[in-house]
Amino acid sequence: MSEYLSRIDFAWPWAALLIFLPLIGRYFLSQDREVKEQVRVPFLPELIDELKLNSQPVRTGKLSSLLFWLVWLLLVVALCRPEYLTPPQHIQKPMRDVVLILDVSGSMAKNDVQGGVTRLQAVQASVRKFVAARQSDRIGLVIFASQAWPFAPVSEDKQALQTRINQLAPGMVGQQTAIGDALGVGVKLLDNTTDKAASKLAILLTDGNDTASQLAPALAAQLAAAHHVQVHTIAFGDINSTGDDKVDLPLMQNIAQITGGQSWTAANSGAALDSVWKEIDAITPVQVKSIGWSWHVPLFQWPLLLALGLLVLLAVGRFIRERAA
């Protein structure tokens, strides 16, 4: 009970000063009224006897006075607008925005990953696990090959993101690799998020080198650093391959170094790729901010109803007394 009372507050506490208004009216306002007109009735005593009026002044009992002050107090309390402050409801707000930048070029269709799956299938399986473990982050998705496209906005809707991850297919946006353009799109996607105070992280995964970018990867990395976007890079696939299919390890390391991130190399193994995602999950713990919300529940109706009830009882009592007289 004491805890409940401690959470009661008044929105207009200054209205309590009105409690003294009846006293001011009684003791400070003049009771004498100037009589402007008079009517002389020479037969007034006979008229009083005829009407059988009691010439004694009506006395106000202590009970009536007590009821008046009780009703007045309840009305003033209602005017002060009492409110009950509900216990705070804590809501956790994500404080990190993440963009996954995934390579879907034609080379991701190679079936050279242990377990008999394609490179993209292995990436999809690992990314799904990572997303499922980051329930308190806002995550978006950028895909790239010959071009880069924002494939899922940065949001807390993990179910929609998982659906988009399942829709990935090799070569869906071309056959080449535009790493610089993809990083630029990822930075822009993070820059358009609503919470500017949240930390920003991009994870870039590719199995090749840059062959189609209009924005140089080094310049895209500098752009990410200028927008306070940390970039982790993952080189996936056969590091012994040659030509355009060979992953550019120095480029991936340089992007990570410029943006303050880290770089990993995962061979053609789903287990190795899973291990990389687990390391990223470990070094970038979930960041949340707890916000407490309390609701103001109005209570003015209760003293107001009680005052009206007392007035009704007072009127009924007076009516009964007059009928009995």
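Before reading further, recall that the structure is shown in the block above.
Computed from a predicted model, the values in this text were never measured in an experiment.

Draft legend 1. Structural detail: the pattern of salt bridges. Under the criterion given, the structure shown has seven salt bridges. Taking the shortest distance from any N to any O, the salt bridge between Asp97 and Arg138 comes out at 2.6 Å. A residue pair is termed long-range when its members are at least 10 positions apart, and Asp97 in strand E4 (residues 96–103) and Arg138 in strand E5 (residues 138–144) qualify at 41 residues. Across the pair, exposure class does not vary: Asp97 and Arg138 are buried alike. Each of Asp112, Arg119 and Asp207 takes part in a single network of salt bridges with overlapping partners.

Draft legend 2. Spatial organisation of a nonpolar patch on the surface. A cluster of nonpolar side chains, contributed by Leu17, Phe20, Leu23, Ile24, Tyr27, Phe28, Phe68 and Trp69, occupies part of the molecular surface with about 890 Å² of accessible area. When residues of the nonpolar patch are traced back to their parent elements, those giving at least two are helix H2 (21–27) and helix H4 (62–79). The element best represented in the nonpolar patch is H2, accounting for three residues. Here Phe68 lies in helix H4. Owing to a relative accessible area of 42%, Phe68 belongs among the partly exposed residues under this scheme.

Draft legend 3. How the structure looks around the packing of aromatic side chains. All told, the structure shown has three aromatic pairs when counted by the stated rule. With 6.1 Å between their ring centres and 25° between their planes, Trp12 and Trp14 make a pair best called stacked. Taking relative accessible area as the criterion, Trp12 reaches 35% and is therefore assigned partly exposed. Centroid distance Phe130 to Trp277: 4.9 Å. Interplanar angle 45°. Geometry classified as tilted.

Draft legend 4. A look at the sheet that holds strand E1 (residues 8–10). The three strands lie next to each other as E1-E2-E11, forming an open sheet whose pairing is antiparallel. The open sheet has two edge strands with one neighbour each: E1 and strand E11 (296–298). Mean inter-strand twist for the sheet, computed between neighbouring axes without regard to direction, equals 40°. Relative to strand E2 (residues 82–85), E1 is paired through three bridges, and the arrangement is antiparallel. Each residue of the ladder has a partner; that of Ile8, found in E2, is Tyr84.

Draft legend 5. Fine view of the pairing of strand E6 (residues 148–155). Bridge analysis of E5 against E6 gives five bridges, and the strand direction is antiparallel. Paired with Leu141 across the bridge in E6 is Ala152. In this antiparallel pair of consecutive strands, E5 and E6, the connection spans three residues.

Draft legend 6. View of the packing of helix H8 (residues 217–226) against helix H9 (residues 249–259). Direction vectors running N to C along H8 and H9 enclose 20°, while the axes themselves pass 8 Å from each other. Comparing the axis directions of H8 and H9 gives the class roughly parallel. Handedness of the crossing formed by H8 with H9: right-handed. Residues Pro217, Ala218, Ala221, Gln222, Ala224 and Ala225 of H8 form the contact with H9, whose own contacting residues are Leu251, Asn254, Ile255, Ile258 and Thr259. When its residues are assigned to classes, the contact of H8 with H9 shows eight nonpolar, three polar and no charged.

Rules used throughout
- Counting restarts for each chain: residues are numbered from 1 in the order of the written sequence.
- Only residues with pLDDT of at least 70 are given local features in this predicted model, and only at 80 or more are side-chain atom pairs given and counted; all residues enter the totals for whole chains, interfaces and linings.
- In computing side-chain values, all of the structure's heavy atoms are included and hydrogens and water are not.
- Any carboxyl oxygen of Asp or Glu that lies within 4 Å of a side-chain nitrogen of Lys or Arg is treated as forming a salt bridge with it.
- Numbering of helices and strands runs from the N terminus, with a helix taken as a DSSP run of H or I at least four residues long and a strand as a DSSP run of E at least two residues long.
- Burial classes: relative accessible area under 20% of the type maximum marks a residue as buried, over 50% as exposed, and values in between as partly exposed (1.4 Å probe, protein chains only).
- Every patch collects residues that have over 30% relative accessible area and no salt bridge, joining them within 9 Å if they carry like charges and within 5 Å if they are nonpolar side chains (Val, Leu, Ile, Met, Phe, Trp, Tyr).
- Throughout, the Shrake-Rupley method with a 1.4 Å probe supplies accessible areas, and for residues the shown protein chains are the sole cover considered.
- Each pair of aromatic rings taken from Phe, Tyr and Trp, with Trp reduced to its six-membered ring, is defined by centres within 6.5 Å and is described as stacked if the planes are under 30 degrees apart, edge-to-face if over 60, and tilted in the remaining cases.
- DSSP bridges decide pairing: two strands pair if at least two such bridges lie between them.
- Each axis is a line fitted through C-alpha atoms, taken for helices only over the stretch in contact, and angles between the N-to-C directions span 0 to 180 degrees.
- Each angle receives one of four descriptions, namely roughly parallel if under 35 degrees, roughly antiparallel if over 145, roughly perpendicular if within 65 to 115, and oblique otherwise.
- Crossing handedness is defined as follows: a turn of the near helix away from the far one that is anticlockwise and smaller than a right angle gives a left-handed crossing, while the clockwise case is right-handed.
- We call two residues contacting when some pair of their heavy atoms lies within 4.5 Å.
- Residues are grouped as follows: nonpolar covers Ala, Val, Leu, Ile, Met, Phe, Trp, Tyr, Cys and Pro; charged covers Asp, Glu, Lys and Arg; every other residue, Gly included, is treated as polar.

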